[in-house]
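# Breakdown of the fold
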Amino acid sequence: MSELKPSSPIGVFDSGMGGLTVLSELVSALPGEDFVYLGDTARVPYGSRSPGTILRYSREVSEYLLRFDIKLLVIACNTVSAHAESILREELPCPVIGVIHPGARAVVAQSRTGRVGVIGTRSTIKSGAYEREIRRLNSDLSIFSKACPLLVPVIEEGWMDKKVTGQILQEYLSEMVREDVDSLVLGCTHYPLLKKAIKDQYPELKLIDSSVETARAVKQQLEERELLREASESGPTSGLKTDNGNRGSVRILLTDITDHIESLERLFFRHPFQSLEEIQIDDMTR
Ligand code: DGL
């Protein structure tokens, strides 16, 4: 870890395009940084796969990102964070930050009733990773978890305002709302797009957006390690013009690109559109 340099990029990894919600927050919070995002769109979704497969894919993607001499790896995927974060942290030569600890810390800080909810993919919920992390921080909380596998396709379809989406949300959330949870962790990269739909039905519920919390944690970690690159020092490298004075660059690498994928970038990435670069899985694993 001794060779980590402030001028190096930050690697960001997700199973697909949903991690762009995390990248959006990172770009806003860290306007001077260069980012290399890798979405494994050829093998998405990870959320319905076995722990062994998720770990294997995660190792391959992280190894590939190391080729960019990254100074820090952000696991912008709840499913990967749940299954591979601690292993990658041991194996990789750079700091690794996942989305689960920041989300868990925020819900522990924000809940007033001590009754909290977590939603995510089947694989994230089955892993129990959020529950373990929340209990580690405060063993007195009551935690209600629910796998919501229909939400990712609904969001990718752009159905945030549809009646059917409200019905699906009700089906998934009504039980925990009856249990009086006051705070809900959105434990999947896609779910921040449903904030309004959830708020419309359950206005009292506090929503914890792991992507916002993760960006905060990354900034703190870079500051502590003296690896932060301020916007004023970086120079206009990329042409990524955002309204927060961003001067860093963003590269978005994907293992498969289709027309639909481009529309997903527009859905999930809040900053100006970046062109997509395709890489081959064979090259990644070579
Ligand atoms: N990015 C994944 C997550 O946050 C959702 C998509 C998938 O299942 O791969 O869990």
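Residues numbered from 1 in each chain as written. Predicted model: local features only at pLDDT ≥ 70, side-chain atom pairs only at ≥ 80, totals over all residues. Heavy atoms only, no water.

As a further point, take the site of the ligand. Around the ligand, the neighbouring residues are Asp-14, Ser-15, Val-44, Pro-45, Tyr-46, Gly-47, Cys-77, Asn-78, Thr-79, Thr-121, Cys-188 and Thr-189. Take Ser-15: an N or O atom from its side chain is 2.6 Å from an oxygen atom of the ligand. Thr-79 has a polar side-chain atom sitting 2.6 Å from an oxygen atom of the ligand. The fraction of the free accessible surface of the ligand (290 Å²) that becomes covered by protein chains is 98%. Among the detected pockets, the ligand sits in the second largest pocket. (Near = heavy atom within 4 Å. Polar contact = N/O pair within 3.5 Å; in protein donor to acceptor, adjacent residues only side chain to side chain. Areas by Shrake-Rupley, 256 points an atom, 1.4 Å probe, with all protein chains shown as cover. 1 Å grid on protein atoms, 1.4 Å probe; cavity = no way out; pocket = protein on both sides within 12 Å on 5 of 7 lines; lining within 4 Å. Sits in = over half its atoms within 2 Å of the grid points.)

This brings us to the pairing of strand 1 (residues 10-14). The element strand 1 is extensively covered by neighbouring structure, given that five of its five residues are classed as buried. Along strand 1, one buried face is formed by Ile-10, Val-12 and Asp-14 and the opposite face, lined by Gly-11 and Phe-13, is buried too. Bridging between strand 1 and strand 2 (residues 35-39) involves five bridges; their strand directions are parallel. Pairing of Gly-11 across the sheet is with Val-36, part of strand 2. (Buried < 20%, exposed > 50% of the residue type's maximum accessible area, 1.4 Å probe, protein only. Helix = DSSP H or I, 4+ residues; strand = E, 2+ residues; numbered from the N terminus. Pairing = 2+ DSSP bridges.)

Turning our eyes to something else, we now look at the pattern of salt bridges. Applying the stated criterion across every chain, the model contains 16 salt bridges. The shortest N-O distance in the salt bridge between Glu-25 and Arg-270 comes to 2.7 Å. With Glu-25 in helix 1 (residues 20-29) and Arg-270 in the loop between helix 12 (259-268) and strand 10 (276-278), this residue pair connects regions lying 245 residues apart in the sequence. Its salt-bridge partner being Asp-40, residue Arg-43 comes within 2.7 Å of it at the nearest N-O pair. Like Arg-43, the residue Asp-40 is buried in the burial classification. Salt bridges sharing partners connect three or more residues here, namely Asp-40, Arg-43 and Glu-60. (Salt bridge = Lys/Arg side-chain N within 4 Å of Asp/Glu carboxyl O.)

With that settled, consider the packing of helix 2 (residues 51-66) against helix 3 (residues 78-91). In the contact formed by helix 2 and helix 3, the axes pass within 9 Å of each other and the chain directions differ by 55°. Accordingly, the angle class assigned to the pair helix 2 and helix 3 is oblique. Between helix 2 and helix 3 the crossing geometry is right-handed. Across the interface between the two elements, Pro-51, Ile-54, Leu-55, Ser-58, Arg-59 and Ser-62 of helix 2 pack against Thr-79, Val-80, His-83, Ala-84, Ile-87, Leu-88 and Glu-91 of helix 3. A breakdown of the residues in the contact of helix 2 with helix 3 according to their chemical character gives seven nonpolar, four polar and two charged. (Axes fitted to C-alpha atoms, helices over the stretch in contact; angles between N-to-C directions. Parallel < 35°, antiparallel > 145°, perpendicular 65-115°, else oblique. Left-handed = near helix turned anticlockwise from the far one by under 90°. Contact = heavy atoms within 4.5 Å. Nonpolar A, V, L, I, M, F, W, Y, C, P; charged D, E, K, R; others polar.)

Let us now look at the sheet that holds strand 2. Pairing within the open sheet is parallel, and its six strands lie in the order 4-3-1-2-9-10. Edge positions in the open sheet fall to strand 4 (96-97) and strand 10, since each of these has one partner strand only. With respect to the sheet, helix 1 is in contact with strand 1, strand 2, strand 3 (72-75) and strand 9 (250-254), its orientation differing from that of strand 2 by roughly 175°. Across the sheet, helix 10 (residues 210-224) is in contact with strand 1, strand 3 and strand 4; its angle to strand 3 comes to roughly 165°.

Each pocket or cavity is described by its volume, and for the largest pocket that value is around 450 Å³. Glu-85, Arg-89, Gly-98, His-101 and Glu-133 are, among the 23 residues lining the largest pocket, the residues nearest its centre. Going through the elements one at a time, helix 3, strand 4, helix 4 (100-110), helix 6 (129-137) and helix 10 are the ones with two or more residues in the lining of the largest pocket. Looking at the lining of the largest pocket element by element, the count peaks at seven residues for helix 3. Within this model, the second largest pocket holds a volume of roughly 340 Å³. Around the second largest pocket sit 22 residues that line it, and Pro-45, Tyr-46, Gly-47, Thr-121 and Val-152 are the ones nearest its centre. (Points joined across faces, edges and corners; volume = space filled by probe spheres on them.)

Once that is clear, we can look at the packing of aromatic side chains. In the structure shown here, the tally under the stated rule is three aromatic pairs. Ring geometry for Phe-13 and Tyr-46: centres 6.5 Å apart, planes at 70°, overall edge-to-face. Placement of Phe-13 in strand 1 and of Tyr-46 in the loop between strand 2 and helix 2 is noted, with a sequence separation of 33 residues between them. Of the two residues, Phe-13 and Tyr-46, both sit in the buried class. Ring geometry for Tyr-46 against Tyr-57: centres 5.3 Å apart, planes inclined by 50°, an arrangement best described as tilted. One end of the pair, Tyr-46, is in the loop between strand 2 and helix 2; the other, Tyr-57, is in helix 2, and 11 residues separate them in sequence. For the pair shown, Tyr-46 and Tyr-57 are each scored as buried. Over the ring of Tyr-57 we find Arg-43; its NZ or CZ atom is 3.8 Å from the centre of that ring. When the ring centre of Phe-273 is taken as origin, the NZ or CZ atom of Arg-266, which lies over that ring, is 4.2 Å away. (Phe/Tyr/Trp six-rings, centres within 6.5 Å; stacked < 30°, edge-to-face > 60°. Lys NZ or Arg CZ within 6 Å of the ring centre and 35° of its normal.)

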